[in-house]
Amino acid sequence: APEVVQSVEGRFLKGIVKLDGGRRLVLVLDHNALLEHSAAGLDTARSAGAEAAGEVRSQTRQEDEDHEQLVTFRLADEEYAVSIMEVQEIIRVPAISVVPDAPPGVVGVASLRNRILPVMDLRSKFGLPPRSGEGDARHDDERCLVARIGGTSVALRVDAVHQVLQAPRSAIEPTPRIVGGGGSGGEQIRGIVKLDGGRRLIMLLDVEKLVDQACRNELKAMAEGQAEQDATASHAAEQDERQLVSFKVAGEEFAVDIMQVQEIVRLAKVTKVPHAPSFVEGVVNLRGNVLPVIDLRKRVHLPEKAYNDSTRVVVVDQEGRKTGIIVDSVSEVMAVKKEAIEPAPEITRSTYGDHFIEGVGKLHNGERMFLLLRTHELLREDDPMPAEGPEDAPAASEPAEALCV
């Protein structure tokens, strides 16, 4: 490389390659020089970066010490605020269940992700006029600030959330004593924020002072009592329901108890088994284990149909024996009230033995019906349907191991 080039950081150049009669020039870099320079530059950059980061952190700490972050909201055209550190989250106004004899300002309780929250309406708490509109109608702008008061999460209902802002601590002045009359009202407002040269005034609330100790105890008891009621109701509902897996076969809907279902898988390649009952389709490989599979259509003597992409295998566990039941498609997992399942009519009982149907489920006022199957009957190893007609069937006094649909 020419000396004139080397004088301007040309030390990185090891040489110049001339190709095509000098029409193409390639600069050959000295990688050792590059790495040495980069290492020195990185050290310098790290040092400068650390120094700058330290200055930024120091400046940020100074700003944090000099400012307070607030969540501002509106009540009856007036602006209020609470410290952002006191706010757990901001939600839309949920459905509120009225609680009799609640503490002042508490309008009821609400459920938030399986948590029971007392709801305090700050309009009511501060004696402000009720919201316009009929009844307890919720407006689109209304929100609830979820805050922790005395160890209990409480939803504070406000007209609208305005913004999150940083207010200089110098702009927060003590509340004039005459504002609260020397009572609890003055304690609830811990300061007045003056912004925009005093043209904007914000009343800064002390969330912990919104309720006294007696009220805190009532709020805690209210939340715990409602949670206990909900848990009892939930347990009762669980006792009154059955969890079922429903599926389709030949256009009809069937179901089995979910406690007997281990999993639902796609139909894999089936290996035929010689001399197996007619309804046994064969065996499949399920993660290295041999799983026998039966065709429900054949088991309940419905027309056969070729398998397709919707075909599924419902793997059931009956007394430790795992068996796959081939169905046309799986519909859903559903919770059905026990009262919605009626015993199977006697007419469905065959003269050849017990039937597969445990009951008939009715949903949506009877518009949707399904048959609840007995898996232990489905998985019996014999196929008792007679080969030569009903006249060869055993007498009713000596029921055979049979099936019926």
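For the structure given in this document, a descriptive report is provided here.

Conventions adopted
Residues numbered from 1 in each chain as written. Predicted model: local features only at pLDDT ≥ 70, side-chain atom pairs only at ≥ 80, totals over all residues. Heavy atoms only, no water. Pairing = 2+ DSSP bridges. Helix = DSSP H or I, 4+ residues; strand = E, 2+ residues; numbered from the N terminus. Axes fitted to C-alpha atoms, helices over the stretch in contact; angles between N-to-C directions. Salt bridge = Lys/Arg side-chain N within 4 Å of Asp/Glu carboxyl O. Buried < 20%, exposed > 50% of the residue type's maximum accessible area, 1.4 Å probe, protein only. Phe/Tyr/Trp six-rings, centres within 6.5 Å; stacked < 30°, edge-to-face > 60°. Lys NZ or Arg CZ within 6 Å of the ring centre and 35° of its normal.

## Some words on the sheet that holds strand E22 (residues 341-343)
Item 1. Ordered in space as E21-E14-E15-E24-E23-E22, the six strands form an open sheet in which the pairing is mixed. The open sheet has two edge strands, strand E21 (329-337) and E22, and neither has a second partner. Mean inter-strand twist for the sheet, computed between neighbouring axes without regard to direction, equals 35°.
Item 2. Bridging between strand E14 (residues 241-249) and strand E15 (residues 252-257) involves six bridges; their strand directions are antiparallel.

## Notes on the sheet that holds strand E20 (residues 321-327)
Item 1. Overall, mixed pairing links the five strands, which are arranged E16-E19-E20-E18-E17 in an open sheet. Unpaired on one side and paired on the other, strand E16 (261-266) and strand E17 (280-286) mark the two borders of the sheet. The sheet shows a mean angle of 30° between the axes of neighbouring strands, taken without regard to direction.
Item 2. As defined by bridge partners, E16 adjoins strand E19 (residues 312-318) across five bridges and the pair is classed as antiparallel. Looking at E19, one finds that Glu263 is bridged to Val315.

## So, the pattern of salt bridges
Item 1. Applying the stated criterion across every chain yields a total of 17 salt bridges.
Item 2. As a salt-bridge pair, Arg190 and Glu68 come within 2.4 Å of each other at their nearest N and O atoms. Linking Arg190 in strand E12 (residues 189-195) with Glu68 in strand E3 (residues 67-75), this pair joins segments that are 122 residues apart in sequence.
Item 3. The exposure class of Arg190 is partly exposed, given its relative accessible area of 34%.

## Observations regarding the pairing of strand E24 (residues 368-373)
Item 1. Strand direction decides the pairing type here: E15 and E24, joined by two bridges, are parallel. Paired with Ala255 across the two strands is Leu372, which belongs to E24.
Item 2. Relative to E24, strand E23 (residues 357-363) is paired through six bridges, and the arrangement is antiparallel. When the sheet's bridge partners are listed, Ile357 is paired in E24 with Leu373.
Item 3. The hairpin formed by E23 and E24 contains four residues between the paired strands, and His364 there has a positive phi angle of roughly 55°.

## A look at the packing of aromatic side chains
Item 1. Inspection of every chain in the model, using the stated rule, returns three aromatic pairs.
Item 2. Where Phe73 meets Tyr80, the ring centres are 6.1 Å apart and the plane angle is 10°; that geometry is what we call stacked. For the pair Phe73 and Tyr80, one class covers both residues: buried.
Item 3. Ring centres of Tyr80 and Phe126 lie 5.7 Å apart, and the angle between their planes is 25°; this geometry places the pair in the stacked category. Within this pair, whereas Tyr80 is found in strand E4 (residues 78-83), its partner Phe126 is found in the loop between helix H3 (122-125) and strand E8 (143-149), the two being separated by 46 residues in sequence.
Item 4. Residue Phe126 is classed as partly exposed on the basis of its relative accessible area of 23%.
Item 5. Through a chain of ring-to-ring contacts, the aromatic side chains of Phe73, Tyr80 and Phe126 assemble into a single cluster.
Item 6. The positively charged end of Arg299 is found above the aromatic ring belonging to Phe279, 3.9 Å away from the centroid.

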